[in-house]
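# Structure assessment
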Amino acid sequence: MVGQWRAVHPGLDTGPMEVIGRINRCAALLQQAEDAPLRRAGLSRPEFDLLGALRRTGHELTPGDLARETFSSGAAVTKRLKHLSERGLVERRGDTRDRRVAHLRLTDAGRDLVDGILPEQLAYETAVLSILDPGGQGELAALLGALLGGLEGRMSALRA
């Protein structure tokens, strides 16, 4: 793809396209793999991310908190929470001062599911990344962390 663009527009720097294109392609391939351990547990990655946020923070969160923790829209969080609640993995408690606010926490079943699937999911992710040596994985994590940190602070300015 980059070579084709260089042929059409030889004066343009296609370096950014090489990075962004590869990140997008990796994301697409990872989504196609569908996180096998999660799929076997009947969870999507976004649902697991919600459960994981509740587990790792160790306290109740509001839907807004979960949206921020998982970089999801409020509507998407609401839909996922409905499904997770129906499965008995998350429970909702109303706020005593403001009935519009809900506080969410894992049920015992939700905590057991997260704790049970996490080692298997991490083993799966380790296998996915095994094409890189540990040093390369660390370097990639650091580079992606720097990119992510920069984007989180600048995205609203870049959209303008």
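Residues numbered from 1 in each chain as written. Predicted model: local features only at pLDDT ≥ 70, side-chain atom pairs only at ≥ 80, totals over all residues. Heavy atoms only, no water.

### A short note on helix H6 (residues 74–86)
Over its 13 residues, H6 runs 18 Å from end to end, which matches the ideal 18 Å to within 8%, given 1.5 Å per residue. The set of residues buried in H6 consists of Val77, Leu81 and Leu84. Looking straight down H6, one finds that the buried residues subtend no more than 65 degrees of arc, so they occupy a single side. Set apart from the buried face of H6 by more than 90 degrees, the exposed residues are Ala75, Lys79, Lys82 and Glu86. Residues of H6 that are buried in the fold lie against helix H4 (45–57), helix H5 (63–70), strand S1 (90–94) and strand S2 (102–106). Just downstream of H6 lies Gly88, where phi reads positive at about 80 degrees. (Helix = DSSP H or I, 4+ residues; strand = E, 2+ residues; numbered from the N terminus. Expected span 1.5 Å × (residues − 1). Buried < 20%, exposed > 50% of the residue type's maximum accessible area, 1.4 Å probe, protein only. Arc of directions from axis to C-beta. Contact = heavy atoms within 4.5 Å.)

### Overview of the side chain of Gln121
Tracing the backbone shows Gln121 in helix H7 (residues 108–129). Ignoring sequence-local partners within four residues, the contact set of Gln121 consists of Asp35, Pro37, Leu38 and Arg45.

### Description of the nonpolar core
One finds Leu43, Leu51, Leu54, Leu66, Leu81, Leu84 and Val90 to be the most contacted residues of the largest nonpolar core, which totals 19 residues. Every element with two or more residues in this core is listed here: H4, H5, H6, S2 and H7. Beyond its immediate sequence surroundings of up to four residues, Leu81 is in contact with Leu50, Pro63, Leu66, Val90, Arg92 and Leu104. (Core = buried A, V, L, I, M, F, W, Y, C linked by side-chain atoms within 4.5 Å.)

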